[in-house]
Amino acid sequence: MRTPCLRQIILWISDRVPENKEERASYRLSPREREKGLARVRLAALVLFTFPGSPMIYYGDEAGMEGFEDPFNRRTFPWGREDYELLGWFTRLGHLRQESPALRRGDIRYRAAQGPLLAFTRSAEGETILAAFNTGGESAELRLEDAERIELLLGSARFQISAQGHVLTLPPRTGSL
């Protein structure tokens, strides 16, 4: 990964970027930065596992490993010290993809792509899965067709039927299937 890209990613999570190799060698996210980063890793993984193609994850992402650029990008795997909540998230995503023809080889139809909201369906063999993502700092709403039947498979979205129609509400920086 190019250093300018890495700087942007670190600034997306952290308040500062270590300036020299000594700082980068010992750099660790604060608890607040780590939680912010983990939420974004979960969201990114959800996009990755629902998009067409084979999901590929970088060694240790599923365990919550931290790192910087080479040679500090990865240390040895943290056996016994993995982030089990994050590992469970990746495991659930893998199982959903394995069990779903729509996620493995389905077509894709974009439903929304505006501002922080992205939504698409994947369909195959009579199965349709709606994947919805909110990358913004505020809740986002996705209007659905009135006849759509919704069953939440993963995530924290809320489904409501109101006078305005069927609405899926996504909390900030989350995604749902």
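Below is a short write-up of the structure. Bear in mind that the values here come from a model prediction, so they are computed numbers and not experimental data.

## Thoughts on unusual backbone geometry
Piece 1. Phi is positive for E125, which is not a glycine, with a value near 50°.
Piece 2. Here E125 falls in the exposed class, since its relative accessible area comes to 60%.
Piece 3. Positive phi outside glycine occurs at R173, with the angle close to 50°.
Piece 4. By the element assignment, R173 lies in the loop between strand 6 (165-170) and strand 7 (174-176).

## Describing the environment of E138
Piece 1. Following the sequence through the fold, E138 ends up in the loop between strand 3 (127-134) and strand 4 (140-144).
Piece 2. With a relative accessible area of 65%, E138 lands in the exposed category.
Piece 3. In this structure the C-alpha to C-alpha distance between E138 and P116, which are 22 residues apart in sequence, comes to 9.2 Å.

## Re helix 4 (residues 84-99)
Piece 1. Its 16 residues give helix 4 an end-to-end C-alpha distance of 22 Å, which sits within 8% of 22 Å, the value for a rise of 1.5 Å per residue.
Piece 2. Within the span of helix 4, buried status applies to L86, G88, W89, F90, L93, L96 and R97.
Piece 3. Against the buried residues of helix 4 lie helix 3 (31-50), helix 5 (101-105) and strand 2 (117-124).

## Looking at the sheet that holds strand 2
Piece 1. Pairing in this open sheet of four strands is antiparallel, and the strands run 1-2-3-7 from one edge to the other. Of all strands in the sheet, those bounded by a partner on one side alone are strand 1 (107-114) and strand 7. Adjacent strand axes in the sheet meet at a mean angle of 10° when their direction is disregarded.
Piece 2. Here strand 1 runs beside strand 2; their pairing, made up of seven bridges, is antiparallel. Bridge pairing in strand 2 places Q114 opposite L117.
Piece 3. Relative to strand 3, helix 3 is tilted by about 150°, and along the sheet it contacts strand 2, strand 3 and strand 7.

About the criteria used
- Residues numbered from 1 in each chain as written.
- Predicted model: local features only at pLDDT ≥ 70, side-chain atom pairs only at ≥ 80, totals over all residues.
- Heavy atoms only, no water.
- Buried < 20%, exposed > 50% of the residue type's maximum accessible area, 1.4 Å probe, protein only.
- Helix = DSSP H or I, 4+ residues; strand = E, 2+ residues; numbered from the N terminus.
- Expected span 1.5 Å × (residues − 1).
- Contact = heavy atoms within 4.5 Å.
- Pairing = 2+ DSSP bridges.
- Axes fitted to C-alpha atoms, helices over the stretch in contact; angles between N-to-C directions.

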